[in-house]
Amino acid sequence: MRLIFRPIKRTFFYAFLVSLFCLPALAATPSEAKIEQLLSKMTITEKIGQTNLRGRSSRATGPLPEALKQTVIDGKVGAFLNVMKPHERDELQRIAVEESRLGIPLLFGRDVIHGFKTIFPIPLGLAASWQPELAESGARVSAIEATELGVNWTFAPMMDIARDPRWGRIAESFGEDPVLTSIFSVAMVKGFQTDDLSNPTAMAATAKHLVGYGAVEGGRDYNTSLIPEGELRDVYLKPFKAAADAGVASMMTSFNEINGVPATGNKLILKDVLRGEWQYDGMVVSDWDSVIEMIAHGFAADKKHAALRAADAGLDMEMTSDTYELYLEEIIAEGKLDIKQLDDLVRNVLRLKYRLNLFESPHRREVKESSILSAEHRQKAKEAALQSAILLKNNNSLPMPKKGTVALIGPLAHAAHEQMGTWVFDGRAKNNITVLDALQQELGNENVIFAEGLAYSRVMNHDGFTAAIAAAKKADRIVFVGGEEAILSGEAHSRADISLPGSQEALIKELAKLNKPLILVIMAGRPITMGNIIDYVDAVLFNFHPGTMAGPAISDLLLGKVSPSGRLPVTWPKSGAQAPIYYNHKNTGRPANDKDFVGINDIPVQAWQSSLGNDSHYLDLGFRPAYPFGYGLTYSQFSYADLKLDQSQIKIGGSIKASAIIKNTGKREASEVVQFYIQDVVGDVTRPVRELKNWQKITLKPGESRTVTFELQTDELSFHNIAMQEVVEAGDFNLWIAPNADSGLKGHFELIE
Ligand code: GLC
């Protein structure tokens, strides 16, 4: 066994590379002396003022309230969120800089999650592309557009590991895998921040929600998270560590408690890990009212106690609630909090403002020519939507021929608002191109017969069925575009039943009776279970809410201009009842397997109390998901052959190379996501049955072969043992080069001291 101390893991090499770009920006930030100099001049009221993030509804009407302006003059506010009227923002910043005693500029925060005006696929969709560069590109476009309107701080990327599709915020995540999530998170941080935060088009990014929010019990938002510390460190904290190494400017605490301690008052996370082990020097902000929510959690008796528990844990800035403003001075006067602790909070806030160069350039940028919704931005959004679509089934009904007529049916076929997905505040439906718009453009209006069938996804009645069936009867083929409205995923929107809402399934079954090619296109914020309808359709093209350019992307995919290349960033269950469900699970003492499994209807009547098929499965659903992590089809086929390892035994500290020959055996050019997994067979604690360590997305012409090689450094095999030490242990390892988490070419190597 070898102890590892904060290794630079191969898999996080990307993060390390990025941090080489980011760190100069952070290292080049003004010396700490400037911060100390300013701090020394500040009154306790002004210090507390810097820890206050005030909300303002972007729907607020009328002039800025005089009282609000006065709080800025008095130095009682450090930042605003949702101030979106440029004249308001300019006025508040002018007042802060010119009329307050010390002229400390303000931060202006906004949730710019997957686009600002040009909307990209939701983060789960971006992850489905397995192309982090597309996430970086989307973040860059978002930052250019948002900084044009004065936003200098975004509350993104969200990097919660999500293993439960009932949880509405799985939509904002990059899925269930810590490596995929880490690499996508770092890509977005770079896109938002560039390698120089003082760049006027750069926005401070926020790694959120620290931590374990995706592990809420039952997939029910805001619920309790119980996570053993080893799992916390090896799974849930990994993306935050990668983001911290890449120079993310801030972090946000989550609403949930972790093992009895709310994240917003959690010293283990905020002090021991973040500041102690990681030496992180960015700023930590609470989530909306999460400080006062510690009262409801039963972790604070009242607002004053909540202020103490948050400040004592090291929370730098309080979002929207006002406990710091009301009680910190009193708490310090009572000796319950040391003024030095307050100074530490304020230092982190000031450091961020210096890094953004706000003292020199509080308004940051004069925009000569707007690039909002430019053709270039739209093209980048389309590319992301194209690459994130996942083909789940295809009985050769895709790609569609251009000739003939199409009946376009379904509640999301022409739903410009819904296709943007969750967490969109500044995107507008009028800027979006729907599937109907695009298909009419491609095929001619006369060849596309549209009938929505349901006015929106939750409609339960069958009032629109007649018109939809009539339209389908006139056409050569049927494309049903269904799924979830945007509001059915995202914050506070968990669903227990994750099948198609409303009467969509009923309409699909009616359309299937016409015996015409029936293609199902789904837009949703989570995997949608399709057990009731999968046999009724000929193809399924799945898109996690694709954004502004959903129409052109889906049209190109349906018509075969581009072959689908997305792969699942989450395991796809047969039923929400299987959740939480994820590929990198433990093996258990009785691992489910096909050989032993006895289905509920195969158990003999009056069977005696036997161990019949007695291992880890459900009698009615079995144990497999509908589709495994990493799964996705294309318009071609690929073969995997000739797995080779450069050695079968490696020493700790060394590396191993594995390769395989991938061939496009089909008739069309297509892309394949070649995935590299390992398994640590025996550990000081049990280890997952598989762990993704890397991947390569390659495009091959028909008949073309390519040798794909992965190099694994042994420190990528580290985990936390029973003693909570990060270790690499000698022993047996399996590895796979695979198309998904449930198959592939399997090899073996031994790791020795
Ligand atoms: C919300 C979300 C958080 C968001 C914040 C500001 O409640 O949990 O992700 O950034 O409030 O809108």
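Below you will find a few notes about this structure.

Conventions adopted
Residues numbered from 1 in each chain as written. Predicted model: local features only at pLDDT ≥ 70, side-chain atom pairs only at ≥ 80, totals over all residues. Heavy atoms only, no water. Salt bridge = Lys/Arg side-chain N within 4 Å of Asp/Glu carboxyl O. Helix = DSSP H or I, 4+ residues; strand = E, 2+ residues; numbered from the N terminus. Buried < 20%, exposed > 50% of the residue type's maximum accessible area, 1.4 Å probe, protein only. Near = heavy atom within 4 Å. Polar contact = N/O pair within 3.5 Å; in protein donor to acceptor, adjacent residues only side chain to side chain. Areas by Shrake-Rupley, 256 points an atom, 1.4 Å probe, with all protein chains shown as cover. Nonpolar A, V, L, I, M, F, W, Y, C, P; charged D, E, K, R; others polar. Pairing = 2+ DSSP bridges. Phe/Tyr/Trp six-rings, centres within 6.5 Å; stacked < 30°, edge-to-face > 60°. Lys NZ or Arg CZ within 6 Å of the ring centre and 35° of its normal.

Comments concerning the pattern of salt bridges
Phase 1: For the coordinates displayed, the defined rule picks out 47 salt bridges.
Phase 2: The partner of R54 in a salt bridge is E325, with the nearest N and O atoms 2.6 Å apart. Remark: E325 occurs in helix 14 (residues 323–333) and R54 occurs in strand 2 (residues 52–55); sequence separation between them is 271 residues.
Phase 3: Here R54 falls in the buried class, since its relative accessible area comes to 14%.

Details of the site of the ligand
Phase 1: By nearness alone, 13 residues border the ligand, and D111, R169, K208, H209 and D287 come closest of all.
Phase 2: Separating an oxygen atom of the ligand from a side-chain N or O atom of D111 is a distance of 2.5 Å.
Phase 3: Take D287: an N or O atom from its side chain is 2.6 Å from an oxygen atom of the ligand.
Phase 4: Isolated, the ligand exposes 310 Å² of accessible area, and the fraction of that covered by the protein chains is 95%.
Phase 5: Of the residues contributing to the shell around the ligand, the split by class is 7 nonpolar, 1 polar and 5 charged.

Here we look at the sheet that holds strand 4 (residues 107–110)
Phase 1: Overall, parallel pairing links the 5 strands, which are arranged 5-4-3-2-11 in an open sheet. Each of the sheet's edge strands pairs with one partner strand only, and the pair in question is strand 5 (153–154) and strand 11 (318–319).

Focus: the packing of aromatic side chains
Phase 1: Counting across every chain of the model gives 19 aromatic pairs.
Phase 2: Each ring, one from F542 and one from W572, has its centre 4.6 Å from the other, and the planes form 90°; the classification is edge-to-face. Taken together, the residues span a long stretch of sequence, with F542 in strand 17 (residues 539–544) and W572 in the loop between helix 20 (550–558) and strand 18 (638–645) at a distance of 30 residues. For the residue pair F542 and W572, the accessibility class agrees, reading buried in each case.
Phase 3: Here the aromatic cluster, defined as three or more aromatic residues joined through ring pairs, consists of W130, Y583, F629, Y677 and W695.
Phase 4: One Lys or Arg, R309, reaches over the ring of F299 and ends 3.6 Å from the middle of that ring.
Phase 5: Taking NZ or CZ as reference, R690 lies 5.2 Å from the ring centre of Y677, over its face.

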